[in-house]
Amino acid sequence: MDKIRAPAVFSQRKRQKGIHTPNLTCSYEIKFNEFVIFIIQRKMGRTRRIFLMELARRKGFRVESELSDSVTHIVAENNSYPEVMDWLRGQGVDDSSRFELLDISWFTACMEAGRPVDSEVKYRLMEIIEEGESSRAKEVLNDERYKSFKQFTSVFGVGVKTSEKWYRMGLRTLEEVKADKTLKLSKMQKAGFLYYEDLVSCVSKAEADAVSLIVRNTVCTFLPDALVTITGGFRRGKKTGHDIDFLITNPGPREDDELLHKVVGLWKKQGLLLYCDIIESTFLKEQIPSRKVDAMDNFQKCFAILKLCQPRVDNSSYNTSKNIDMAEVKDWKAIRVDLIIAPFEQYAYALLGWTGSRQFGRDLRRYATHEKKMILDNHALYDRKKRIFLKAGSEEEIFAHLGLDYVEPWERNA
Ligand code: DCT
Ligand code: MG
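Residues numbered from 1 in each chain as written. Chains lettered and ligands numbered in written order. Predicted model: local features only at pLDDT ≥ 70, side-chain atom pairs only at ≥ 80, totals over all residues. Heavy atoms only, no water.

**Q** So what about helix H13 (residues 259-269)? Which residues, and what values?
**A** Listed in full, the buried residues belonging to H13 are Leu259, Leu260, Val263, Val264 and Trp267. What you see down the axis of H13 is that its buried residues fit within an arc of 125°, all on one side. Opposite the buried face of H13, at more than 90 degrees from it, the exposed residues are Lys268 and Lys269. The inward-facing, buried residues of H13 abut helix H11 (205-222), strand E8 (244-249), strand E9 (273-279), strand E10 (300-309) and strand E11 (332-341). Looking one or two places after H13, you find Gly271, whose phi comes out positive at around 75°. (Buried < 20%, exposed > 50% of the residue type's maximum accessible area, 1.4 Å probe, protein only. Helix = DSSP H or I, 4+ residues; strand = E, 2+ residues; numbered from the N terminus. Arc of directions from axis to C-beta. Contact = heavy atoms within 4.5 Å.)

**Q** Could you give me a rundown of a negative patch on the surface, with the residues and numbers involved?
**A** Taken together, the side chains of Glu255, Asp257, Glu258, Glu280 and Glu345 present a region of like negative charge at the surface. Checked against the element boundaries, Glu345 lands in the loop between E11 and helix H15 (347-355). (Patch = residues over 30% accessible without salt bridge, like charges linked within 9 Å, V, L, I, M, F, W, Y side chains within 5 Å. Areas by Shrake-Rupley, 256 points an atom, 1.4 Å probe, with all protein chains shown as cover. Salt bridge = Lys/Arg side-chain N within 4 Å of Asp/Glu carboxyl O. Lys, Arg positive; Asp, Glu negative; His and termini not counted. Charge placed at Lys NZ, Arg CZ, Asp CG, Glu CD.)

**Q** Lay out the sheet that holds E8 with the relevant residues and their values.
**A** Pairing is mixed in the open sheet, where five strands are placed in the order E6-E8-E11-E10-E9. Single-partner strands in this sheet number two, and they are strand E6 (227-230) and E9. If you compare each strand with its neighbour and ignore which way they point, the axes differ by 25° on average. Judged from the 10 bridges that link them, E10 and E11 form a sheet pairing that is antiparallel. Counted as the bridge partner of Phe303 is Asp338 from E11. (Pairing = 2+ DSSP bridges. Axes fitted to C-alpha atoms, helices over the stretch in contact; angles between N-to-C directions.)

**Q** Any chance you could break down helix H4 (residues 104-113) for me, citing the residues and the numbers?
**A** In terms of burial, H4 is a largely internal element, eight of the 10 residues being buried. Along H4, the positions that sit buried rather than exposed are Ile104, Ser105, Trp106, Phe107, Thr108, Ala109, Cys110 and Met111.

**Q** Describe the packing of H11 against H13, naming the residues involved and giving the relevant values.
**A** The interhelical angle for the contact between H11 and H13, taken along N-to-C directions, is 120°, at an axis separation of 10 Å. As the angle between them shows, H11 and H13 are arranged oblique. In this structure, H11 meets H13 at a crossing whose hand is right-handed. Side by side, H11 and H13 meet where Ile214, Val215, Thr218, Val219 and Phe222 of the first sit next to Leu259, Lys262, Val263, Leu266 and Trp267 of the second. (Parallel < 35°, antiparallel > 145°, perpendicular 65-115°, else oblique. Left-handed = near helix turned anticlockwise from the far one by under 90°.)

Below, the structure is given as structure tokens:
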């Protein structure tokens, strides 16, 4: 049954101990304390399990022989997700969410790397293991994985990492995810499932205008001179979007770090806030501009879901004839809203960045770097030859600094 043979390990063990069964308590230095691995013997066999445990320990991993409370990562081979769950239940484990359940490919990837590997590497390895299969089987698997990932990532708060975890747990559809009560969802993902239908349906221009009014009114309650600009796809003239992005700045010297908190506080009171996550600014002057083409910026921002009340369509004859109780008709829609706060002197750069498109932003940054020896990000433009930051009060000035003709927002749908 042994698929991996490592004569060196076994011969060394024999030399040391003079017996075939290794001393499982023999001490190797533990390098990765936060990972406590347990390997399931089912379908693997005792010899292979002992070999793998020993191998991991030699590489600095903590491996438990028993399924103790300290175990964080459970590794299984050739077992389906339901089989692993059955096995765990047999061991008296009802709540499997406290463990990471991993396929042997993750384990072998860790052994190869000599350290715990992250999910991206896991994913790519998976592909290496699949290479032994026929290309058709691979195609089917990729197609299946693609379909599952597409479904999973359509949920607000679910990225590639979570999708991969769910896929490896044997889950394939959103229905299966929803039915699995052992899964621990983040606050963001819970909101993602709760408002799923609304969030996957596109935001229309009319809805963006209605939300825009709410955002402007609320912001101006606290900062009457604040400038609130709709950015993202809607500023580029798109008729629909997946969210509405707002850039907020306050001309003049006054800045208010509490503004976002006040705005969402008021929405909460008004019953308009369905979800919100405020990211505090991580802006440090000495770190700008970033050299990364896809760098996240450091502005204070808020990812929110707003309840947009929609007037009920007055269609009395229809409602009466179908006997629909008006009170039961949903008269609101959940809308994803991003609020970004930029200091006034960085406003033009923030506006350029947050107007997008993402591809246009990338192209512009690459152009600045390679053609102009400048570094552009959402905060600033730095001239490396002159060693100065170039001030800009408008997007036009930024294009001029770069020696480019101005490109209108609706021409940036690269
Ligand atoms: N952006 C950025 N830095 C980020 C995230 C986004 O500079 N950390 C930019 C890129 C595009 C713009 O902000 C808006 O982002 P999205 O809302 O994701 O894109 P969109 O073009 O508005 O598309 P959609 O219509 O799907 O919302
Ligand atoms: Mg957008």
